[in-house]
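This is what each chain is made of:
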Amino acid sequence: MIPVTAPEFDDATLDEAVHRAIDAWGREPTQLLQVLREVQETLGFLPPPALARIASALGVPIARVRGVVAFYSFLYAEPRGTYRVLFSDNVTDRMRGSEERLREFGQRLWVESGKVSQDGLVSLGRTSCVGLDDHAPALLVNGRPVPDVDAARATLLGDLILARVPLAEWPPELFVVEDHIRRADVMLTDPIRPGEAIRAALARGEADGTGPQATLEEIKAARLLGRGGAGFTTGVKWESCSRQPVTPRVVVCNADEGEPGTFKDRLLLGRYADLVFEGMTVAAWAIGASRGFVYLRGEYRFLLDALRDTLERRRREGLLGAAICGREGFAFDVQIHVGAGSYVCGEASALVESLEGKRGIPRNRPPRLAEKGYLGWPTIVNNVESYCAAALILLHGADWFRSRGTPRSSGTKLLSVSGDCARPGIYEYPFGVSVQQVLEDSGATGTIAVQAGGPSGACLGQDEFERRIAFEDIETGGAFIVFDGSRDMFEVARHFAHFFAEESCGFCTPCRVGTSLLRNLMDKIRDGKGSQHDLLTIEELGRLLGKASHCGLGESAAKPLLGTLRRFRPAYERRLGSSAVEPAFDLDGALARARRMTGRDDPGAHLGEAP
Amino acid sequence: MSEPRPTFQLDGAEVPFTPGQTVLQAALAAGHHIPHLCYHPEFKPHGSCKLCTVKVGGWHATSCTLPAKEGLVVESETEEVNAERRMLVQLLFVEGNHFCPSCEMSGRCKLQATAYDLGMTTPRFDHFFPDRPVDASHPEILLDFNRCILCELCVRASAEVDGKQVFALAGRGMGKHLVVNSDSGLLRDSQLAATDKAVEVCPVGVILRKRVGFAIPVGQRRFDERPISAQALDYAPRPPGRPKAPGA
């Protein structure tokens, strides 16, 4: 193999790239991840001399810098291609032919997945779900999303790359991402005027003289539960943070929408950014916070510039900064941090670690983030949709909010519907809608299963389609992936097993090793070498992960396997060998190399069948 | 006399604790062993190996980070919990490359001792056989990453006691690995000294002193003499630098 020649950077180029990033983000160790990301945007990857410069400028040990680079899948210590193509690899992408596209693309451009082409022109790979399931199959080119990659579009991309057309000159329609709002309820129909909800919150406090407490009471009375999937009571979280005797306090918006099959936050951040910031500012008023962060997943980098423009406009309008809406002492501003490819950073405490510039490892609790969060300050972390709901609650009141949904799950929920249905997209329903209703509205026919809440959620079979989307029945962060009778649920589960093994942070033993073992066992069954014993092992490992893991990722990692084993066991069993135990190791296969070396392939060079 | 100390229940026994202690710390101080690998009495609990998992009120919890509370009812020595621990140790064995018969740490290794103690007879799962080159660059210390269980004790010791940050972690998932803080990435070019706390804390055989191998014959070593579960007080909380109990 001819090694790909690494681009050489002279000292001036390196210095300039590093200085520019540090000027933008500051000379603080907490900015390490953002600085790395910014330097990589300039240089294409992170060569060792750049890392050394960043380490010394931020006063961070070089080992820590390398540790962070190796943690995030979008940070590259090795040179990548001029064109970096990453195919989204959710099950929804595969259902629409992403693997075929990837194969054709690789053959045409002479590059294997995971590699850089010999001429350094293009690097190719897969990445976890990029949040474009309604546009599957999708891919990212140098971080920019290209939706609906059918064969024609893949050919066009290949042409552009081979002709070395700069990305800026590519046809703009390649990058158009439609919102696909299929059903709108209160959140999506009635865009608010900027400042409306903040003024409503201030007015409520004035009316009864309780100030920010009135906002907390309204959120509590609305019984708003977190929209990210865990369903924690938002009012309780905010109140506990507001009572901490420490300042500053911090409001964080979790826009790390990493659960495969979820793309509602893409819509909210893209089209309803004012509503998101409005909700964050209301939260800041309620808990007395002065600092705000949006943690935007790296896959949504394409939304960054517009979001920053919205923030800048809101500052000009007096809706951010000092004396918000003219209220002395109400100061709050928001900074956007961009992630770099890590699912576990959607876990609130891992997200905070990542905001601090570290590897995204979930923290031990206690203390809770409300007591000690970002840099030890009291911090709330809420989902994008939760902040939107909070803004609407302050504007229209808790009673109005509770008038939709069920008694225990008030309000509406955005569902990201994808997979085997005629109309994938965003559906806003009051809580309590049945699975069957969603299937009908989205034009799904012959459905055999629905994965609600993504791989870490529930796999529902046909006998469960009367169940309802609500915290008291099917909890979901919003993913709703539909499978019809043409799908093999074993392959779906195997795909999710690969996903969790890829995304495990590696902190705790059960998840780090267990997810990889589960992946290997599923591959073994796929290869026709599985046995009943392997199914028992999957179940036993699955139980261990559920009980002993450090965070929700590990606790959920075996759920798609256990769920499909329960509902679709024949899909596993028809792949099993006949004996009770089959070794994963192929003894005859291991001799293949020796046969090649000796030029033999006669029967004597093979192990015979066991008698 | 001072107030009577608050207590919680561990497998039916009353365990007194000082507020601020975790369940594992209080249990060890009272002479009750709960299996553990990433916990060390001189460092802040970390909670990654999960060997110290216990059941509290029907739920699983990590006892090294779980704050002790009056009236907790903790189950530890049950067949259910020990079966889970046995599986966790098996996961650690198949993840790395552990060849006990030829390992200098045999008989002093906490992974091996814990596995014996929990009655592990086979590794059960398919080995990963990872490729983990050794770092023999340092004149006095050998790093054999094959045995690393990623407990981060050396990371913590170097940062908290030695003030050097010689070690750090990189990567994620099964790609997670220990790295050395030097431009070359080699131990030779780091600030590590053979007298560092970080050299002493490795519970397995990653950080080894050169030229002192097998000073005590295998068979007469610490865990050859008594099982690790009989040595709970050696792992009781103590301030940094204070010597272990005699015979440790």
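Note that the structure is a prediction, hence the values are computed from the model and not measured.

Of the residues lining the interface, 31 residues belong to chain A; the matching set on chain B comes to 29 residues. Breaking the side of chain A that touches chain B down by element, the ones donating at least two residues are helix 4 (62-71), helix 19 (489-503), helix 20 (509-526) and helix 21 (532-548) of chain A. By residue number, the principal contributor to the side of chain A that touches chain B is helix 20 of chain A, which donates 8 residues. In terms of residue class, the side of chain A that touches chain B is made up of 17 nonpolar, 9 polar and 5 charged.

Below, the discussion takes up the domain arrangement of chain A. We note that the domain assignment places domain 1 (11-71), domain 2 (83-178), domain 3 (183-402), domain 4 (412-485) and domain 5 (490-573) within chain A. Placing the centre of domain 1 of chain A and that of domain 5 of chain A at their C-alpha centroids yields a distance of 37 Å.

Residues and elements named next belong to chain A. Under the 1.5 Å per step criterion, the end-to-end length of helix 6 (residues 98-109) is 16 Å for 12 residues, consistent within 8% with the ideal 16 Å. Turning to helix 6, its buried residues number three or more, namely Ser98, Arg101, Leu102, Phe105, Gly106 and Leu109. Within helix 6, the buried residues cover an arc of 125 degrees as seen down the axis, which keeps them to one side. Of the exposed residues in helix 6, the ones pointing more than 90 degrees away from its buried face are Arg103 and Gln107. Those residues of helix 6 hidden inside the fold are in contact with strand 1 (83-88), helix 5 (91-95), strand 2 (122-127) and helix 7 (151-162). At the exit of helix 6 stands tryptophan 110, carrying a positive phi of roughly 55 degrees.

Next up on the list: the sheet that holds strand 1 (residues 7-10) of chain B. Residue and element names in this part refer to chain B. The mixed open sheet is built from 5 strands, whose spatial order is 2-1-5-3-4. Edge strands, defined here as strands with exactly one partner in the open sheet, are strand 2 (13-16) and strand 4 (59-62). On average, adjacent strands in this sheet sit at an angle of 40 degrees to one another, irrespective of strand direction. Sheet analysis places strand 3 (residues 53-56) next to strand 4, joined by 4 bridges and oriented antiparallel. Each residue of the ladder has a partner; that of valine 54, found in strand 4, is alanine 61. Lying over the sheet, helix 2 (residues 79-95) contacts strand 3 and strand 5 (73-75), oriented at roughly 155 degrees with respect to strand 3.

All names here are of chain A. Residue threonine 247 is joined to proline 248 through a cis peptide bond whose omega torsion reads -5 degrees. Tracing the backbone through its elements, the reader meets proline 248 in the loop between helix 11 (234-242) and strand 6 (250-255). In the segment running from arginine 365 into proline 366, the intervening peptide bond is cis, with an omega of -5 degrees. Position of proline 366 relative to the elements: it lies in the loop between helix 15 (348-355) and strand 9 (379-383). Backbone geometry at asparagine 142 places phi at a positive 45 degrees, although glycine is not the residue there.

Residue and element names in this part refer to chain A. Two numbers describe how helix 21 lies on helix 23 (residues 559-567): the axes approach to 9 Å, and their chain directions differ by 135 degrees. Taken together, the axis directions place helix 21 and helix 23 in an arrangement best described as oblique. The chirality of how helix 21 crosses helix 23 is left-handed. Contact residues: Leu535, Ile538, Glu539 and Gly542 in helix 21; Leu561, Leu562 and Leu565 in helix 23. Among the residues forming the contact of helix 21 with helix 23, the class breakdown is 5 nonpolar, 1 polar and 1 charged.

About the cut-offs
Residues numbered from 1 in each chain as written. Chains lettered and ligands numbered in written order. Predicted model: local features only at pLDDT ≥ 70, side-chain atom pairs only at ≥ 80, totals over all residues. Contact = placed C-beta atoms within 7 Å. Helix = DSSP H or I, 4+ residues; strand = E, 2+ residues; numbered from the N terminus. Nonpolar A, V, L, I, M, F, W, Y, C, P; charged D, E, K, R; others polar. Domains from an automatic or database assignment. Expected span 1.5 Å × (residues − 1). Buried ≥ 20, exposed ≤ 12 C-beta atoms within 10 Å, placed from the backbone. Arc of directions from axis to C-beta. Pairing = 2+ DSSP bridges. Axes fitted to C-alpha atoms, helices over the stretch in contact; angles between N-to-C directions. Parallel < 35°, antiparallel > 145°, perpendicular 65-115°, else oblique. Left-handed = near helix turned anticlockwise from the far one by under 90°.

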